[in-house]
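Coordinate analysis (summary)
Read off the chains here:
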Amino acid sequence: MSTYARLPVQFERGEGVWLWDTEGKQYLDALSGIAVCGLGHAHPTVAEAISAQARRLIHTSNLYGIPLQAALADRLSQLSAMRRVFFCNSGAEANEAAIKIARLYGHGRDTECPAIIVMENSFHGRTLATLTATGNRRVQAGFEPLVQGFIRVPYNDLDAIRTVAKNSSDVAAILVEPVQGEGGINVPDPGYLAGIREICNEQNWLMMVDEIQTGIGRTGQWFAYQHTKLLPDVVTVAKALGNGFPIGACLARGDAADLLQPGSHGTTFGGNPLASSAAMAVLDVIEAEQLVAHAEKLGKQLLAGFIEKLSSLDGVRAIRGSGLMIGIELDRPCGELVKTALHCGLLINVTAERVVRLLPPLITSEKQASMIVDKVSDLVRDFLTG
Ligand SMILES: *Cc1c(COP(=O)(O)O)cnc(C)c1O
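So, here is what we can say about the structure in this document. It should be emphasised that the depicted structure is a prediction, and the values quoted were computed from it without experimental measurement.

**Topic: the site of the ligand**
Taken together, the residues surrounding the ligand are S90, G91, A92, N95, F123, H124, G125, E177, D210, I212, Q213 and K239. F123 is positioned such that a nitrogen or oxygen atom in its backbone is 3.2 Å from a nitrogen atom of the ligand. Contact with the protein chains removes 81% of the 380 Å² of surface that the ligand exposes when unbound. A per-class count over the shell around the ligand returns three nonpolar, six polar and three charged.

**With respect to the sheet that holds strand β5 (residues 115-119)**
Taking strand neighbours across the sheet as the criterion, the seven strands line up as β4-β10-β9-β8-β7-β5-β6 in an open arrangement whose pairing is mixed. Each edge of the open sheet is held by one strand with a lone partner, namely β4 (84-88) and β6 (150-153). Taking the axes of each pair of neighbouring strands and ignoring which way they run, one obtains an average angle of 20° across the sheet. Sheet topology places strand β8 (residues 206-210) next to strand β9 (residues 234-237); three bridges connect them, and they run parallel. Across the sheet, the residue bridging to V209 is V235, located in β9. Strand contacts of helix α7 (residues 158-167): β5, β6 and β7 (171-176), with the helix running at about 145° to β6, the strand carrying the most contacts.

**Considering the pairing of strand β12 (residues 325-330)**
Where burial is concerned, most of β12 is hidden: six out of the six residues are buried. The side-chain alternation of β12 yields two buried faces, one formed by M325, G327 and E329 and the other by I326, I328 and L330. As paired elements, strand β11 (residues 316-322) and β12 share six bridges and run antiparallel to each other. Within the sheet, the bridge partner assigned to G321 lies in β12 and is I326.

**Some remarks on the sheet that holds strand β13 (residues 346-347)**
Strand order in this open sheet of four strands is β1-β2-β3-β13, and the pairing throughout is mixed. At either end of the open sheet lies a strand with only one pairing partner, and these are β1 (11-15) and β13. Where strand β2 (residues 18-21) lies against strand β3 (residues 26-29), three bridges are found, and the strand directions are antiparallel. When the sheet's bridge partners are listed, W20 is paired in β3 with Q26.

Definitions and cut-offs
Residues numbered from 1 in each chain as written. Predicted model: local features only at pLDDT ≥ 70, side-chain atom pairs only at ≥ 80, totals over all residues. Heavy atoms only, no water. Near = heavy atom within 4 Å. Polar contact = N/O pair within 3.5 Å; in protein donor to acceptor, adjacent residues only side chain to side chain. Areas by Shrake-Rupley, 256 points an atom, 1.4 Å probe, with all protein chains shown as cover. Nonpolar A, V, L, I, M, F, W, Y, C, P; charged D, E, K, R; others polar. Pairing = 2+ DSSP bridges. Helix = DSSP H or I, 4+ residues; strand = E, 2+ residues; numbered from the N terminus. Axes fitted to C-alpha atoms, helices over the stretch in contact; angles between N-to-C directions. Contact = heavy atoms within 4.5 Å. Buried < 20%, exposed > 50% of the residue type's maximum accessible area, 1.4 Å probe, protein only.

Spelled out as structure tokens, the structure:
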């Protein structure tokens with residue numbers, strides 16, 4: 001179906017930060033398949049893990065024990081300080097699990113219609129519940145009736161949440177991105193997540209953090225909430241977890257970790273041996289090569305580079321980011337920059353109409369980061385000065 005407005009290019013092969021199209025042209029990938037291929041393309045350790053596991057055992061069923069899945073759950077729990085994990089196949093599914101947990105939690109407190117507070121400009125997926133949670137009318141339009149039980153407030157606005165707390169007794173949880181990705185790389189004020197944690201403690205709400213774009217090292221911590229001292233109750237991940245092999249996960253601690261019970265949720269493929277082996281390999285490589293610290297350092301280099309080259313330009317509204325999530329906001333729609341960049345052998349993205357979004361692989365070298373800064377700055381300057 002014509003679900004996507006595809007760019008006029010088809011890739012055939014990749015290696016590290018590089019891709020080659022069917023004509024043999026080479027591209028520098030500063031998007032990572034939208035924050036998925038943190039280890040770049042065709043990473044040998046991941047490829048070897050997947051192929052060895054495919055020869056051993058691809059799938060059994062969640063009817064049976066899956067040692068690799070259990071090991072991956074332990075590993076993720078250690079990294080996140082969560083206690084239990086539900087595995088699925090995508091980000092939307094990870095958020096569906098979180099939403100179901102919030103509803104069980106609300107009903108456990110005798111709330112008739114448990115509600116979840118969600119944010120303007122958020123993105124949580126394309127299933128009915130997650131598109132309802134998403135704060136973008138374009139994602140929702142045409143799919144009404146939407147799902148009940150969501151209350152929307154502006155992002156980065158603690159007072160708006162406090163007002164809901166005063167006026168509604170049905171709230172069970174808050175679902176929030178630590179940095180909004182699709183919404184335009186919106187980085188909240190430093191105290192925002194801590195403020196949400198505090199309100200959730202006061203109100204006995206679950207704090208649910210959507211780390212699908214931010215997680216697995218991208219922002220310079222394994223999970224973006226780890227830039228603070230707080231712990232959420234529920235964390236969702238997907239994108240980078242399998243470096244392109246589809247796998248998602250919903251992690252939880254405390255009461256939230258025990259709400260889903262046999263029969264209450266499930267999925268055929270979730271956490272099968274092949275997916276688990278891919279994710280284990282990803283975590284191994286990130287740890288062995290210290291890519292989380294690298295992401296932090298490289299993110300600072302990129303941000304400083306863009307500020308130096310672009311901040312004085314008329315038409316550049318803001319340059320912001322967290323680790324390797326970087327946004328350059330212009331004063332006008334700039335979608336056409338994606339095609340211009342493609343022409344120059346560079347993959348970038350534009351989100352929220354006027355924000356150039358960069359999500360380079362965690363394995364990007366300093367030299368490649370400089371190339372990204374130079375190329376993107378030239379493109380933006382040419383675009384603005386016509
Ligand atoms: C991509 C994304 C999702 C949806 O993930 P899918 O795998 O496409 O279902 C949800 N939340 C955030 C923050 C995302 O970036």
